[in-house]
Amino acid sequence: MKALVKTFAAAALIAVSTFAMAAEGPGAKATKATVNLSTADFALAHYVAVTIEGESAGVEQLFAEDFNQKIQATNAQSNSRSEVVKSLKKQKGEKLNCTVSTDIIQESTGYMVAKVTLKFGDFTKTDLVTLERVGNNWKVSKSINSYK
């Protein structure tokens, strides 16, 4: 009898948790997730995770409202915050096949400039990233990309 009660209790818990997850809908957890951006190092690590590893949680939280991305190539491009966020959300879960290195170029109590180098098989992408303290969090305010 006790085994039967345990079985019914387990089945009820599974059913309730399934209905709760279905009620949230797909992607509900990704929009609710907040990321710890309390230090420049955390923000830089999350930037790398978002751009290289396809992490989608906290993408909107990571970029400053006036974020701007410049791409230095044969025909220079400039992308707004909304364009970059939209593009990164599309890349959710996609990991780039490259070697990553980060170097802090300049750091103070309110800003950091870092160099993120991505080495692919036949080319290298260099990303100069500016992070700024906004309130209690750090945000990426500028990104300049170049390719070799």
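Up top is the structure these notes are about.
Each value, and the rule that gives it
- Residues numbered from 1 in each chain as written.
- Predicted model: local features only at pLDDT ≥ 70, side-chain atom pairs only at ≥ 80, totals over all residues.
- Heavy atoms only, no water.
- Pairing = 2+ DSSP bridges.
- Helix = DSSP H or I, 4+ residues; strand = E, 2+ residues; numbered from the N terminus.
- Axes fitted to C-alpha atoms, helices over the stretch in contact; angles between N-to-C directions.
- Contact = heavy atoms within 4.5 Å.
- Salt bridge = Lys/Arg side-chain N within 4 Å of Asp/Glu carboxyl O.
- Buried < 20%, exposed > 50% of the residue type's maximum accessible area, 1.4 Å probe, protein only.
- Core = buried A, V, L, I, M, F, W, Y, C linked by side-chain atoms within 4.5 Å.

**As for the sheet that holds strand β2 (residues 77–80)**
Argument step 1. In space, the six strands of this open sheet follow the order β2-β1-β6-β5-β4-β3, with mixed pairing throughout. The open sheet has two free edges, formed respectively by β2 and β3 (99–107), since each of these has just one partner strand. With strand direction ignored, the average angle separating the axes of adjacent strands in the sheet is 20 degrees.
Argument step 2. Two strands pair when backbone bridges link them, and strand β1 (residues 63–72) and β2 are joined in this way by four bridges, in the antiparallel orientation. Counterpart to Lys-70 in the pairing with β2 is Ser-78.
Argument step 3. Seen against the sheet, helix α5 (residues 81–90) touches β1 and β2 and runs at an angle of roughly 80 degrees to β1.

**Considering the pairing of β3**
Argument step 1. Judged from the eight bridges that link them, β3 and strand β4 (residues 111–119) form a sheet pairing that is antiparallel. When the bridges of β4 are listed, Asp-103 appears paired with Lys-115.
Argument step 2. With antiparallel pairing between neighbouring strands as the criterion, β3 and β4 make up a hairpin whose turn holds three residues.

**Some points on the pattern of salt bridges**
Argument step 1. Tallied over the entire structure, the rule returns one salt bridge.
Argument step 2. Of the charged contacts in the structure, one is a salt bridge between Lys-89 and Glu-60, with a shortest N-O distance of 2.1 Å. Placement of the pair is Lys-89 in helix α5 and Glu-60 in helix α4 (residues 59–62), with a sequence separation of 29 residues.
Argument step 3. Residue class for Glu-60 comes out partly exposed when judged on its relative accessible area of 35%.

**A word on the nonpolar core**
Argument step 1. Counting residues in hydrophobic clusters, the biggest one holds 25 residues, and the most contacted among them are Leu-62, Phe-63, Met-112, Leu-131 and Val-140.
Argument step 2. Breaking this core down by element, the ones donating at least two residues are α3 (40–53), α4, β1, α5, β4, β5 (124–134) and β6 (137–147).
Argument step 3. The residues contacting Val-140, other than those within four sequence positions of it, are Tyr-47, Leu-62, Phe-63, Ala-64, Phe-67, Val-129, Thr-130 and Leu-131.

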